[in-house]
Amino acid sequence: ANHAVPWCQVRRARGSERERGGREGEGGGERRRVNETSNRLSCKKTRYSLTFRCDSEPANMSRRILSRFSGHMLAVGWLQQTFSFPVYSPGLRIMSYNPPLAARKMSMKDAGYSFEDYREKRSTFEPTARRLNDAAQAQQAWPNYYSCPSLQKDLREKLSDEAEFKHSMTEANARFILVWRGKNLFKRHDNIEDFLEPIFLRFAQVESLAMNEDVVKMYIGEMDSLRYFALDVSTLELDDIAVPQGGFFEQLRTAGGILEKDDDAGLLATARGLSVWHRSLSFCSNCGSGNLRPDKAGSMRRCRECKSGFYPRIDPSVIVLVSSSCGKHALLGRKAVWPTGRYSVLAGFTEVGESLEETVIREVYEESGVAVDPNSIRFFSSQSWPFPRSLMIAFTARAVEAADGKLPAINIDENEMDDVKWFSREDIEKGLAAEQQKLSIPGRAAVAHALIMDWMGVEKNQ
């Protein structure tokens, strides 16, 4: 076989026949014999281990393979490239797959999938909120950062036609957003110190990238008579990308709050979110094929084999500011991986079968031991949070009043939280104004900032 592994050994062993007992009915007992042939393959060089089983049900073949490879997008591709046969062919089922960790990491890096490094991301945060002053007021509830209300997407259906899409990219009003392994393209702001500004390129600057089959093209929308497209260039090395002078790739979350125009943050968030999703979905969950391609101007992916369509996955998460029953204290917590002194409101993902209000009650109790009054839950606003694919739904709520009239007792879940405390408005102001700034809260790029500022503004007015 023409494969990439230098040394390969295949061992074949005949499985023994086994009997399965049928269910007894009116016609008496019934027994069937099932013949199975087991094949075990091992590669000494890479220490891969797989177990195959020949099956007489080719119609269900692909679903079985996909179920074995769920969560590992490179497995089927590795088999195809290494052993030169389509692993989703009828009659073959993969029973187990266990590549070594080092080989998995190397394969993902070589394939351009290493852009979402969560260990690195945990140490990357949006800038801390600037210290409060006497002019601090409640922030408007919406639009939040990473939103772009003026972005129009009504041309998407027209651009679903591939010819129209390609022609639209070449027009004079087309602008392109490059995304490389989850990072957007920026440059230092010419006039505002410590600020960044995104780099939007014209077609002439990206023509070779736009014609590259490995580059994912996506229509983002139209704003101020300009049409914005995103190009995901994650499979390329930096040396192969013609970055304008002064340009560099950086995590959008790091640049949060230090862009001059909020609409730019919304454009970049959309481009990043779509790009990360496209690179994370390589195999069809219906037939197991690895022949997925972008469709409808990059807003979805479609399988070329079974024609199934897939749209971006979004994970809903609630984020809530819980105040005491008297309204004079707010419940804030911190995780161990956060920067020293960082506190924020509580948040958590919605589980299957839950309403958003139920998630608020459960998450607050799990993380702090504080019971929320269900009748006090109020919607605040929502925010796209493409890190990697969340939708933050913000609420305000009040805690159930303690029997003794004191602040409700806190019982921390140490597996999730490092600390949870009740803060008065004065506590937050003093913490932010201290010489060493002992307390920090998220910057305005996060909806948590809007929640805290809104609560402090209400308190100030009262």
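Placed above this text is the structure.
Residues numbered from 1 in each chain as written. Predicted model: local features only at pLDDT ≥ 70, side-chain atom pairs only at ≥ 80, totals over all residues. Heavy atoms only, no water.

Peer 1: I'm lost on the pattern of salt bridges in this one. Help?
Peer 2: When the charged atoms of two side chains with opposite charge come close together, those side chains can pair. Counting across every chain of the model gives 16 salt bridges. Across the pair Asp232 and Arg279 runs a salt bridge, and its minimum N-O distance is 2.6 Å. One end of the pair, Asp232, is in strand β11 (residues 226-232); the other, Arg279, is in helix α8 (residues 262-280), and 47 residues separate them in sequence. We classify Asp232 as buried; its relative accessible area is 1%. Judged by its relative accessible area of 9%, Arg279 falls in the buried class. Ionic pairing is found between Glu354 and Arg362, a salt bridge with its closest N-O pair at 2.5 Å. Ionic contacts of the salt-bridge type, sharing partners, join the residues Glu351, Glu354, Arg362, Glu363 and Glu366 into one network. (Salt bridge = Lys/Arg side-chain N within 4 Å of Asp/Glu carboxyl O. Helix = DSSP H or I, 4+ residues; strand = E, 2+ residues; numbered from the N terminus. Buried < 20%, exposed > 50% of the residue type's maximum accessible area, 1.4 Å probe, protein only.)

Peer 1: Honestly, α8 in this entry has me stumped. Any pointers?
Peer 2: Within an α-helix, residues lying three or four positions from one another point in the same direction, as the helix has 3.6 residues per turn. For α8, spanning 19 residues, the distance from its first C-alpha to its last is 27 Å, which sits close to the expected 27 Å at 1.5 Å a residue. Extensive coverage of α8 is indicated by the burial of 14 of its 19 residues. (Expected span 1.5 Å × (residues − 1).)

Peer 1: Looking at this structure, I do not really get unusual backbone geometry. What am I missing?
Peer 2: Keep in mind that most residues, glycine aside, have a negative phi and that most peptide bonds are trans. Across the junction of Phe387 and Pro388, the peptide omega takes the value 5°, indicating a cis bond. Note on placement: Pro388 falls in the loop between β19 (378-385) and β20 (390-398). At Arg181, a residue that is not glycine, the phi angle is positive and equals roughly 50°. Mapped onto the fold, Arg181 is located in the loop between β7 (174-180) and β8 (183-188). On the basis of relative accessibility, which here comes to 11%, the residue Arg181 falls in the buried class. Phi at Ser225 takes a positive value of approximately 70°, unusual for a residue other than glycine. Topologically, Ser225 is positioned in the loop between β10 (216-223) and β11. On the basis of relative accessibility, which here comes to 56%, the residue Ser225 falls in the exposed class.

Peer 1: Hey, could you run me through the nonpolar core in this one?
Peer 2: The tendency in soluble globular proteins is for nonpolar side chains to be buried as a group. Core analysis: the biggest nonpolar cluster contains 50 residues, and Tyr146, Ile220, Leu267, Ile319, Val345, Ile428 and Ile452 have the highest contact counts within it. A per-element tally of this core places helix α11 (residues 447-461) first, with 8 residues. Look past the residues within four positions of Tyr146 in its chain and what remains in contact with it is Leu252, Arg253, Gly256, Ala265, Gly266, Ala269, Gln383, Ser384, Trp385, Phe387 and Ala445. One finds Leu155, Leu201, Val206 and Ile241 within the second-largest nonpolar core, a separate group that totals 24 residues. (Core = buried A, V, L, I, M, F, W, Y, C linked by side-chain atoms within 4.5 Å. Contact = heavy atoms within 4.5 Å.)

Peer 1: Looking at this model, I keep getting lost on the pairing of β20. Mind explaining?
Peer 2: Each regular strand carries side chains that alternate between the two faces of the sheet. When strand β16 (residues 315-323) meets β20, the two strands line up parallel, connected through 9 bridges. When the bridges of β20 are listed, Ile319 appears paired with Ala394. For β19 and β20, the ladder comprises 7 bridges, and the chain directions are antiparallel. Paired with Arg378 across the strands is Thr396, a residue of β20. (Pairing = 2+ DSSP bridges.)

Peer 1: Explanation requested: the environment of Gly298 in the structure shown.
Peer 2: If you trace the backbone, Gly298 turns up in the loop between β13 (292-295) and β14 (300-303). Taking the relative accessible area as the measure of exposure, Gly298 reaches 3% and is therefore buried. Along the backbone, Gly298 and Val216 are 82 residues apart, and their C-alpha atoms lie at a distance of 7.6 Å. Contacts of Gly298, omitting those with residues within four sequence positions, involve Lys217, Met218, Leu274 and His278.

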